[in-house]
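# Coordinate inspection notes
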Protein chains: 2
Amino acid sequence: MPGGGEAMAVTLRDVALAAGVSPSTVSRALTVPEKVDERTRERILTLAAELGYRPNRAARGLITGRTGNLGLLVPDLANPFFPGLVKAIQARALESDYQVFVVDTDEDVALEPELIRQLAKQVDGLLLCSPRMRPATLREATEATPTVLVNRALARVSSVTFENGEGTSALIRHLAGLGHRRIGFVGGPAGSWSGAQRLRGVRTACATAGLLLHELGQVAPTFEGGTSALELVLRAPVTAVVAYNDLVAIGLSQALAERSIEVPGRISVAGFDDIPMAGMIRPSLTTVAMPLARAGSAAVDLLLRHLGEPEPRVRQIQVPTALRVRGSTGPSLGLDES
Amino acid sequence: MPGGGEAMAVTLRDVALAAGVSPSTVSRALTVPEKVDERTRERILTLAAELGYRPNRAARGLITGRTGNLGLLVPDLANPFFPGLVKAIQARALESDYQVFVVDTDEDVALEPELIRQLAKQVDGLLLCSPRMRPATLREATEATPTVLVNRALARVSSVTFENGEGTSALIRHLAGLGHRRIGFVGGPAGSWSGAQRLRGVRTACATAGLLLHELGQVAPTFEGGTSALELVLRAPVTAVVAYNDLVAIGLSQALAERSIEVPGRISVAGFDDIPMAGMIRPSLTTVAMPLARAGSAAVDLLLRHLGEPEPRVRQIQVPTALRVRGSTGPSLGLDES
DNA sequence: TTGAAAGCGCTAACAG
DNA sequence: CTGTTAGCGCTTTCAA
């Protein structure tokens, strides 16, 4: 007898043979149960279970055009902001019996389109988190496959975004309330959509509150990016710094500590994202939290609805952010008033 | 004209029609180029590119049995240990033109088998990272699909593991060198294979060095798990604690700090994994690093080789770990000698 | 070297 | 309610 090999998977046909019915009947029993006689259906279902039958989704997808999979693209899983989102999305998708395939672009903009194309073929819809690609390229990608953008907006495409501007504005108001008059802002990656939002929020709130704003350039959205901003921060006469995100804020705080500059004693630092680490360090980091679970569910729901509708109805959802006041911004010890 | 709809994908047949050849020829031009006349082939390839033809991998997979995808299962993407591994695996797979589908089990053992089954259907091979499931169940899963285990071993199944025991032994030797005589160990999840290894390493090294070992029970492999271990640690007369992993170590350090117990002044703390955060906090955490990139590449290489061979040749690779000495374990200030 | 034909596992008309 | 027929997009015999 020919060598064992991989246990040949049981197919729908095997079940049909065993049940003494046609393949179509089995198919129906599985996908449109109400169109099959109750007794036959039960027999088939039992048999299928016994034989350990598992439908081949690829084959099914070939004909229905649906795979039961969703594709999820993220720039960098090592950025602690994303895992939370990924998990929320996965959890919600699983509830609806969709499986999620996660792909990491490693912050490589050039890689995005190709990975999307590959992914698109094997999923019913795409969730694109913080895609860095240019609007034109992004639009192209969204046209080929039902897509929901997360943490980025684009005209005529459904999206779930965070109220980034509101978030940084709240941060600025909080700092103003603490007595700060001169604020520094350390920006993120050049192409970042959310970065632009955050800067806008900082600007308007500073203007409104009559604070002096020092824009301290842009750095990589990482811990190292934060440490690299040290000199810029020291050179500017600011008493508080808002960073593009928590990682940058933490890197900066660390660099300040290395120079024995007290946070928040001599300078306050705030971030954005509320990554888990923000609450684990001392002083704990004041930041802006994104309701990840809510955003993830919303994104999945949106996408699923699109899959149902023939003519996808664009919806752009904004979820509010929440200020998390913690140690790194107060109480203000001695604000220098020079 | 009928509503736009999704741009219908160009199929192999479209290319064939355009080139004036049969589908088979196009297929061959794409997959076994040497079996097609050079000029026809070139014409086909050009045309395919022009039309933007992308093979439907699902359809191809239906017949070849290969999808060009690898499946990757991880217990928790929010655990900062995993993203590094995931990224390494993805990078290496992409080089070989394989796409990686990541699925997070959310530390839910019961979920593992089902997710694996779903995944298995759509991939050529499986990479299972730190699976928590019981050996029997795990074996079942590995029998259905070519599989490589990462950070877990099982008889007659290929795997890439870390020298966990060596790592904790080195840690203990380091602590002994610092003058510690009474060591505490805070364990991880009950079913954890690597946890067992780490404990073993601690035990043998303590025995060898003549140190007193206090096994302080098991906690969740999280920051909260670490803080919850505080009382146990305080109750034991130890001057140094080795935790199951960095997250636990950090949680514990934090809890100690809250009680104004100096680390490493009054008690040293060490972790395992060398997550990014270990280097970002003060005092920075002494820990054991895993060569993630190396392990990831090795795992993918192993799996790819299996896919080539008819009779998978089991290989179990162990990659060495490296001690990272940092602030949290020294220099020892005043070890109490009572 | 190429084409015709068959079929991977499944679903979707269409009859019955 | 059920079986038959056809075919999703692709590869792979088998002949020519």
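Parameters at a glance
- Residues numbered from 1 in each chain as written.
- Chains lettered and ligands numbered in written order.
- Predicted model: local features only at pLDDT ≥ 70, side-chain atom pairs only at ≥ 80, totals over all residues.
- Heavy atoms only, no water.
- Helix = DSSP H or I, 4+ residues; strand = E, 2+ residues; numbered from the N terminus.
- Rg over C-alpha atoms; globule rule 2.2 N^0.38 Å.
- Buried < 20%, exposed > 50% of the residue type's maximum accessible area, 1.4 Å probe, protein only.
- Contact = heavy atoms within 4.5 Å.
- Areas by Shrake-Rupley, 256 points an atom, 1.4 Å probe, with all protein chains shown as cover.
- Lys, Arg positive; Asp, Glu negative; His and termini not counted.
- Charge placed at Lys NZ, Arg CZ, Asp CG, Glu CD.
- Patch = residues over 30% accessible without salt bridge, like charges linked within 9 Å, V, L, I, M, F, W, Y side chains within 5 Å.
- Salt bridge = Lys/Arg side-chain N within 4 Å of Asp/Glu carboxyl O.
- Domains from an automatic or database assignment.
- Near = heavy atom within 4 Å.
- Polar contact = N/O pair within 3.5 Å; in protein donor to acceptor, adjacent residues only side chain to side chain.
- Pairing = 2+ DSSP bridges.
- Right-handed = clockwise from strand over helix to strand, strands pointing away.
- Buried area = accessible area lost by both parts, 1.4 Å probe.
- Nonpolar A, V, L, I, M, F, W, Y, C, P; charged D, E, K, R; others polar.
- Phe/Tyr/Trp six-rings, centres within 6.5 Å; stacked < 30°, edge-to-face > 60°.
- Least-squares fit on C-alpha atoms with pLDDT ≥ 70 in both.
- Core = buried A, V, L, I, M, F, W, Y, C linked by side-chain atoms within 4.5 Å.
- UniProt positions renumbered as here; feature names shortened; annotations may be inferred.
- Arc of directions from axis to C-beta.
- Axes fitted to C-alpha atoms, helices over the stretch in contact; angles between N-to-C directions.

### Points about the overall build of chain A
Regarding its fold elements, chain A presents 13 helices and 12 strands. Compactness check: chain A gives a C-alpha radius of gyration of 26 Å against a globular reference of 20 Å for 338 residues, more than 25% above the reference. When the backbone C-alpha atoms are referred to their principal axes, chain A occupies close to 90 × 45 × 35 Å. Among the 338 residues that make up chain A, the fraction classed as buried is 54%. The contacts in chain A between residues at least 6 apart in sequence include a share of 69% that link residues at least 24 apart. As displayed, chain A has an accessible area near 14,800 Å², and 53% of this comes from carbon and sulfur atoms. One way to put it: in chain A the 35 positive side-chain charges average out to a point 5 Å from where the 34 negative ones average out.

### Re the side chain of D104 of chain A
Mapped onto the secondary structure, D104 of chain A falls in strand β2 (residues 99-104). Contact partners of D104 of chain A, with chain neighbours within four places excluded, come to V74, P75, D76, L77 and L115 of chain A together with K87 and Q90 of chain B.

### Examining a nonpolar patch on the surface
Where nonpolar side chains cluster on the molecular surface, the patch consists of L62 and I63 of chain A together with L62 and I63 of chain B and spans about 450 Å² of accessible area. Only α4 (57-64) of chain A together with α4 (57-64) of chain B provide two or more residues apiece to the nonpolar patch. Within the secondary structure layout, I63 of chain A lies in helix α4.

### Overview of the domain arrangement of chain A
Split by domain assignment, chain A resolves into domain 1 (2-64), domain 2 (69-162 + 291-321) and domain 3 (164-290 + 323-337). Computed from C-alpha atoms alone, the centre-to-centre distance between domain 1 of chain A and domain 3 of chain A is 58 Å.

### Observations concerning the protein's contact with DNA strand C
Close contacts around DNA strand C come from 24 residues, with L12, Y53 and R60 of chain A together with T25 and R28 of chain B the closest. In DNA strand C, atoms within 4 Å of the protein come 64% from sugar and phosphate. In this structure, L12 of chain A approaches DNA strand C through a main-chain N or O atom, which is 2.4 Å from a phosphate oxygen. Note that a phosphate oxygen of DNA strand C is positioned 2.9 Å from one of the backbone N or O atoms of D37 of chain B.

### Regarding the protein's contact with DNA strand D
The environment of DNA strand D is made up of 24 residues, and the closest members are S24 and T25 of chain A together with L12, Y53 and R60 of chain B. Within the side chain of Y53 of chain B, one N or O atom sits 2.7 Å away from a phosphate oxygen of DNA strand D. Elements supplying a minimum of two residues to the surface near DNA strand D: α2 (23-31) and α4 of chain A together with α2 (23-31) and α4 of chain B.

### So, the pairing of strand β7 (residues 212-218) of chain B
All names here are of chain B. For strand β6 (residues 182-187) and β7, the ladder comprises five bridges, and the chain directions are parallel. Within β7, the residue paired with R182 across the bridge is L212. Each parallel crossover has a hand, and the one from β6 via helix α9 (residues 193-209) to β7 is right-handed.

### Focus: the interface of chain B and chain A
Counting residues at the interface gives 43 residues for chain B, matched by 44 residues for chain A. Buried area between chain B and chain A, both sides added, is near 4,100 Å², and the carbon and sulfur share of it is 55%. Interface area lost by chain B to chain A is led by K87, K121 and M280 of chain B, which between them contribute 16%. Applying the counting criterion to the chain B and chain A interface returns 10 salt bridges. One salt bridge in this structure joins K87 of chain A and D106 of chain B, with 2.8 Å as the shortest N-O distance. Inspection of the chain B/chain A interface yields 18 residue pairs in polar contact (both at pLDDT 80 or more). Within the residue set of the side of chain B that touches chain A, elements represented by two or more residues are α4, α5 (81-95), β2 (99-104), α6 (111-120), α12 (246-258) and α13 (276-280) of chain B. Across the side of chain B that touches chain A, the residue classes tally to 23 nonpolar, eight polar and 12 charged.

### Remarks on the side chain of N164 of chain A
Within the element layout of this structure, N164 of chain A appears in helix α8 (residues 164-177). Contacts of N164 of chain A, omitting those with residues within four sequence positions, involve N151, W193, S194, Q197, R198, F272 and M290 of chain A.

### Brief notes about the packing of aromatic side chains
What the rule picks out here adds up to five aromatic pairs over all chains. An angle of 70° between the planes, with centres 5.0 Å apart, marks the rings of F81 of chain A and F82 of chain A as edge-to-face. Classification of F81 of chain A as buried rests on a relative accessible area of 4%. With 3.4 Å between their ring centres and 5° between their planes, F101 of chain A and F101 of chain B make a pair best called stacked. In this pair, F101 of chain A sits in strand β2 while F101 of chain B sits in strand β2, so the two residues belong to two different chains. Of the two residues, F101 of chain A and F101 of chain B, neither departs from the other in class, the shared state being buried.

### Re the environment of T64 of chain A
All names here are of chain A. Mapped onto the elements, T64 comes out in helix α4. Residues T64 and L307 lie 243 residues apart in sequence; the distance between their C-alpha atoms is 12 Å. Side-chain polar atoms of T64 contact the backbone nitrogen of R66, separated by 3.0 Å.

### Some words on the relation of the copies chain B and chain A
Each copy superposes on the other: chain B lies on chain A with an RMSD of 0.3 Å after a rotation of 180° and an axial shift of 0.2 Å. Taken together, the rotation and translation describe the operation of a two-fold axis. When the interface residues of chain B are mapped onto chain A, 100% of them again lie at the interface, so the same face is used by both copies.

### Digging into the nonpolar core
Of all hydrophobic cores here, the largest spans 147 residues; its most connected members are L70, L72 and L127 of chain A together with L70, L72 and L127 of chain B. Every residue in contact with L127 of chain B, bar those within four places of it in the chain, is listed here: L70, G71, L72, L73, I89, V148, A299, V300 and L303 of chain B. Among the nonpolar cores identified, the runner-up in size contains 32 residues, and A120, V123, L126 and M133 of chain B belong to it.

### Digging into the UniProt feature "domain: HTH lacI-type" (unreviewed entry) in chain A
According to UniProt, the "domain: HTH lacI-type" (unreviewed entry) feature falls on residues 10-64 of chain A. Segment residues 10-64 of chain A splits into 71% helix and 0% strand. End C-alpha atoms: 21 Å apart.

### Observations regarding α2 of chain B
Residue and element names in this part refer to chain B. By the burial criterion, the buried members of α2 are T25, V26 and A29. Mapping the buried residues of α2 onto a view down its axis gives an arc of 100°, with all of them on the same face. On its buried side, α2 packs onto α1 (12-19) and α3 (38-51).

### Focus: the sheet that holds strand β9 (residues 268-270) of chain A
All names here are of chain A. Pairing is parallel across the open sheet formed by four strands, whose spatial order is β7-β6-β8-β9. Each having just a single partner strand, β7 (212-218) and β9 make up the two edges of the open sheet. Looking at each pair of strands side by side, their axes are set apart by 20° on average, direction ignored. For strand β6 (residues 182-187) and strand β8 (residues 240-243), the ladder comprises four bridges, and the chain directions are parallel. Along β8, the bridge assignment pairs I183 with A240. The sheet strands contacting helix α9 (residues 193-209) are β6, β7 and β8, and the helix crosses β7 at an angle near 165°. Seen against the sheet, helix α12 (residues 246-258) touches β6, β8 and β9 and runs at an angle of roughly 155° to β9.

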